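These are the residues of each chain, in order.
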2 protein chains.
Amino acid sequence: MFKQNEHQPEGFQASLKETLDNLKYNAEGLVPAIAQQHDTGEVLMMAWMNREAIEETLNTGRVCYFSRSRNTLWRKGESSGQVQLLKELRFDCDGDTVLVSVDQTGPACHTGRRDCFYWKADANNVTIDKTPIIDPKELYKK
Amino acid sequence: MFKQNEHQPEGFQASLKETLDNLKYNAEGLVPAIAQQHDTGEVLMMAWMNREAIEETLNTGRVCYFSRSRNTLWRKGESSGQVQLLKELRFDCDGDTVLVSVDQTGPACHTGRRDCFYWKADANNVTIDKTPIIDPKELYKK
């Protein structure tokens, strides 16, 4: 579906069902999902979604991933309280990646930092350059 | 390395070598890499990098991925001319994702669109909402 329609003009539509049937899930039935803060453009995190997580996200307006470590749906914020409200969900040209535009409450990262990308690299070293905005002990004490 | 240092303060450093030794590569030796335009914040594309691609990117300042379809290093723009100059390379909290901040010449997407995320979803349909900025026939005729 993705390949044969890549030359279609703006406004071309396909059903969500056909789209989800044609996503390129990996061997575990997952696709990577990038979360971006809708107003600032910050890339907050990358996680994984299965078909059910995508459907739930679109139906509820609250971002749901699939946790590979817990092997279950992961409604972002269910234990930390730091939810992601959905602004927009997109698929890429070859149907193997999801981009969600979100409104993130507080930190997206389990370390209490606003986003997960706090290790900055140069040719020799990597350096932590972000500080938690909430103590992670506070985040998961509930 | 990532887990045991997640509570370190800003300024904490590790060597690039140790970092690359400890990335969580998948079974194919790859990690997902998100490319973001440095000034506008647009998420341009998601591709994959192996260790060599990360090292080359940091050493040359030009973004290099690993092409899963061609099974070789992919210097972005080598056939299309649409290169990505590196502004910043980051790793996430659990060491399984790369974020590159780039300066993208022209379209990032092989379809000639600025970015790859041109299929916008709602609860029932997906709709193409972006137009190529260059005819893809022009892009690959060289």
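Under an unreviewed UniProt entry, the name given to chain A is Phosphoribosyl-AMP cyclohydrolase, and the organism recorded is Alcanivorax nanhaiticus. Listed in UniProt under the heading Function (unreviewed entry), the comment for chain A reads: "Catalyzes the hydrolysis of the adenine ring of phosphoribosyl-AMP." Within the UniProt record for chain A, the comment given under Subunit (unreviewed entry) is "Homodimer."

Let us look at the UniProt feature "binding site: Zn(2+)" (unreviewed entry) in chain A. The UniProt entry lists Cys93, Cys109 and Cys116 of chain A under the feature "binding site: Zn(2+)" (unreviewed entry), expressed in the numbering used here. An extended arrangement is adopted by the annotated residues: their sequence extent is 24 residues, and the largest C-alpha distance between any two is 27.7 Å. Among the residues just listed, Cys93 of chain A line the largest pocket. Positionally, Cys93 of chain A belongs in the loop between β6 (84–91) and β7 (98–104). On the basis of relative accessible area, Cys93 of chain A is assigned to the buried category, the value being 6%. Summarising the element assignment, Cys109 of chain A is placed in the loop between β7 and β8 (119–121). Beyond its immediate chain neighbours, meaning those up to four positions away, Cys109 of chain A contacts Arg114, Asp115, Cys116, Tyr118 and Leu139 of chain A together with Cys93 of chain B.

Of the residues lining the interface, 57 residues belong to chain A; the matching set on chain B comes to 57 residues. Here chain A and chain B share an interface that buries about 4,800 Å² over both sides, 57% of which is from carbon and sulfur atoms. The largest contributions to the chain A side of the interface with chain B come from Arg90, Phe117 and Trp119 of chain A, which together make up 15% of the buried area. The tally of links from chain A across to chain B stands at 6 salt bridges. Between Arg68 of chain A and Asp96 of chain B there is a salt bridge, and its shortest N-O distance comes to 3.2 Å. On inspection of chain A and its partner chain B, the count reaches 33 residue pairs in polar contact (both at pLDDT 80 or more). Along the lines of polarity and charge, the residues of the side of chain A that touches chain B split into 27 nonpolar, 17 polar and 13 charged.

Conventions used here
Residues numbered from 1 in each chain as written. Chains lettered and ligands numbered in written order. Predicted model: local features only at pLDDT ≥ 70, side-chain atom pairs only at ≥ 80, totals over all residues. Heavy atoms only, no water. UniProt positions renumbered as here; feature names shortened; annotations may be inferred. 1 Å grid on protein atoms, 1.4 Å probe; cavity = no way out; pocket = protein on both sides within 12 Å on 5 of 7 lines; lining within 4 Å. Helix = DSSP H or I, 4+ residues; strand = E, 2+ residues; numbered from the N terminus. Buried < 20%, exposed > 50% of the residue type's maximum accessible area, 1.4 Å probe, protein only. Contact = heavy atoms within 4.5 Å. Buried area = accessible area lost by both parts, 1.4 Å probe. Salt bridge = Lys/Arg side-chain N within 4 Å of Asp/Glu carboxyl O. Polar contact = N/O pair within 3.5 Å; in protein donor to acceptor, adjacent residues only side chain to side chain. Nonpolar A, V, L, I, M, F, W, Y, C, P; charged D, E, K, R; others polar.

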